[in-house]
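# Topology and contacts: notes
Residue-level listing of the chains:
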Amino acid sequence: MTRRFPTRAAWAGLLLATAAGLSQAQAGAQPPGAEPFYLVPTVEGLLLCDEAAKNLKIFPIEAAYAYCGKRKLDGSAALARLLDTLEPGGPKGTVQVGYTQTLKLLSLYKRGPKGWELDMAQVDTLLRPVTKVARPVVLYLAADHFDTIGPLAKELRKDRRNLMLLADGTPAESNYFGYPILPYTLQTGADIPVNRYRFAALQAIARRIAELPPEARKRIVAITLLGELHHMFPNFESGMGAYEDIRVTDYSAASVAGFRQWLRQRYGSIETFRARTGLAYAGFDAVPAPSKNIRKEALASFGEHYDAFADGTLPFSGWLWDPQQRIAALDLYIDGKRHGPVPRGFNRLDVYRADESVLDPNVGYRIDFDFSGLAPGRHRAQIVAESAGARYELAQAEFVVVPRDQAAASDKAAPAVTGLQNAQVLPGVKSWLDLPRSLQDVYFNPLARDWNQYRAVQVRAFMQAFYDVAVQAGLPADKLYSHQIVPQVNSSWNPQLLAVGDTLAADTPWKPGFNLYGGATDSAWVRGFVAERHWRGYGVPEFHPQQWKRPGTALKALRSHQQAGARFVSPYYFSPVPQRFRPPGIHGVSRMEVRPDNPLDGSAQFYDAIRALAQE
């Protein structure tokens, strides 16, 4: 997830990744004239000047920021010193060190005599290091659900037009490890207050960037947009893997009206809709946005049913640790018949943390099975492992397909592949099936499938609108990147909650930027994900391996992205902020502070890897 900064920092979890390691000689080789590989760490506290940092009478950090701002001072000197420790002598060669500067658009507003206005003095302060520090820079123009600090956000939350809503009409507000979350709307209308402020700030910053000296503008290697844009849900802090009793957005009146219009375009006529879905509604205006769990709520019609499986997919996922690589393949069998291979190598940092013997977090496996064509009744799924020409059962689960009318389904036992030993008889093999639970009941509602597809369309539509404003404002299209989440890389997560798939397609006008944490920073799955889309020159706006059990892991991950053709990677995160300004204790974010004396989450190893690659 997108990380937050200074004393407000909030643990955003693990995410995504890319590429396996190569030798130092391979990784360092680049064609003559090729674009450098940029290491541009996120650095917090760039509003903090040396004068305030050294003055022990100034406290807390907000007072220090005010002191610096009043005197038009900033943290450029501290930033330059930090980057010089990573790459002494300035940026040069095939690997160059710079930094990522964050500008939270809504947080830049202040109340003036005529209402809300941009604090251009703060904008200028945030852009000043681009002029003063002769290093490559990525500008992160953030405006997602984490852009909630400041007086404007307090006003925006009062107007429902600005927010995505749950089915009960309440906004999906939350806290993320103490950091406030606001579910800003995905509606694209420029007349919606939150959009008016987001777009106006984007335009004003674009003008300021255009006014920078030419040599400063050349230092900007990329501009990432928005942050992790997606739908919202309750328990945002720890609910990414929720499958029971899920609640999603957006059920605002504007969103539901948009859904009905999307259905009109998709089906053409209500008659075609009825024929394809089997749902008898008088017209599109009568079609509901699915939101009710048939197990617990009375439905006016079956089209109202919604849960994690209502769109016709049932995930079979778990983890497998096979240190001796005895298992060559995994396959899914349904009712004794082979369905297909089961992808594996997904990030499971939770397993890596919990079991000391697991040395690699890329132990997840998962396949999303389309059950929509199965007959009602009991069915059996088996994950079958192949090893040295023999087959073993890794896991099995029965599930029940229930008809729309909830009539009793056949209780006849489903066929199975028999005579298999448990795969855990193989030396060193450990495994566990997380989903589904035994005898999971599933109900296919074709309207739920439409609803999920429409929600993904909404995410892409807003990213497109924001990108269009950026281009029209004069920001260089060849430097505009997404700053997106890829939930599929974590096999225990529920991608339906976020609905971001369309923003990760191969045909987006913006350049691909996606965040990688844990095992995802160096995974075969991510390499395949990138290769399928033919992505070159991609960016990784947030990056931390979070591993400590195998020396060299962080350096191997960085080199793999260099070889894969990434333009930049942004290690998360560095901080020159003195300890006296920081909150006490250790939390999810502070574990990831990259510095030589922080052993948590392998951060010290990551620090050494960055320096080693930059100085080769």
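Provided above is the structure to which this section pertains.
Residues numbered from 1 in each chain as written. Predicted model: local features only at pLDDT ≥ 70, side-chain atom pairs only at ≥ 80, totals over all residues. Heavy atoms only, no water.

### What about the state of the cysteines?
Per the stated rule, a full pass over the model turns up one disulfide. Covalently, Cys 49 is tied to Cys 68 through a disulfide, its sulfur atoms 2.1 Å apart. Taking the sign of the S-S torsion, about -80 degrees here, the bridge from Cys 49 to Cys 68 comes out left-handed. Of this pair, Cys 49 sits in the loop between β1 (37-39) and α2 (50-54) while Cys 68 sits in helix α3 (residues 61-70), placing them 19 residues apart in sequence. (Disulfide = S-S within 2.5 Å. Helix = DSSP H or I, 4+ residues; strand = E, 2+ residues; numbered from the N terminus.)

### Section: the sheet that holds strand β21 (residues 516-517)
The parallel open sheet is built from five strands, whose spatial order is β2-β1-β23-β22-β21. Taken across any chain shown, the strands that pair with only one partner, and hence form the sheet edges, are β2 (95-97) and β21. Both strand β22 (residues 539-544) and strand β23 (residues 568-571) contribute to a ladder of three bridges, which runs parallel. Within β23, the residue paired with Val 540 across the bridge is Val 569. (Pairing = 2+ DSSP bridges.)

### As for helix α5 (residues 120-132)
Here α5 contains 13 residues, and its C-alpha end-to-end distance of 18 Å stays within 8% of the 18 Å for a straight helix at 1.5 Å per residue. At Leu 126, α5 shows its largest kink, close to 30 degrees, and the proline Pro 129 lies no more than four residues downstream. What α5 keeps buried is the set Val 123, Thr 125, Leu 126, Leu 127, Arg 128, Pro 129 and Val 130. Elements that come into contact with the buried residues of α5 comprise α4 (76-86), β3 (99-104), β6 (137-142), α7 (193-210), α8 (214-219) and β9 (220-226). (Expected span 1.5 Å × (residues − 1). Bend = angle between axes of the 7 residues up to and from the residue. Buried < 20%, exposed > 50% of the residue type's maximum accessible area, 1.4 Å probe, protein only. Contact = heavy atoms within 4.5 Å.)

### Let's talk about the pattern of salt bridges
In the structure shown here, the tally under the stated rule is 39 salt bridges. A salt bridge links Asp 74 to Lys 132; the shortest N-O distance between them is 3.3 Å. Linking Asp 74 in the loop between α3 and α4 with Lys 132 in helix α5, this pair joins segments that are 58 residues apart in sequence. Residue Arg 266 is joined to Asp 450 by a salt bridge in which the shortest nitrogen-to-oxygen separation is 3.1 Å. Residue Arg 266 is found in helix α9 (residues 253-267), and its partner Asp 450 is found in helix α12 (residues 446-472); the two are separated by 184 residues along the sequence. Residue class for Arg 266 comes out partly exposed when judged on its relative accessible area of 40%. Given a relative accessible area of 2%, Asp 450 falls into the buried group. One network of salt bridges, with partners in common, ties together Glu 244, Arg 295, Asp 307, Arg 437 and Asp 441. (Salt bridge = Lys/Arg side-chain N within 4 Å of Asp/Glu carboxyl O.)

### Re unusual backbone geometry
The omega torsion across Leu 435 and Pro 436 is -5 degrees, close enough to zero to call that bond cis. The topology assignment puts Pro 436 in the loop between β18 (430-435) and β19 (440-442). The omega angle of the peptide bond from Tyr 572 to Tyr 573 is -5 degrees, so this bond is cis rather than trans. Here Tyr 573 lies in the loop between β23 and α15 (603-615).

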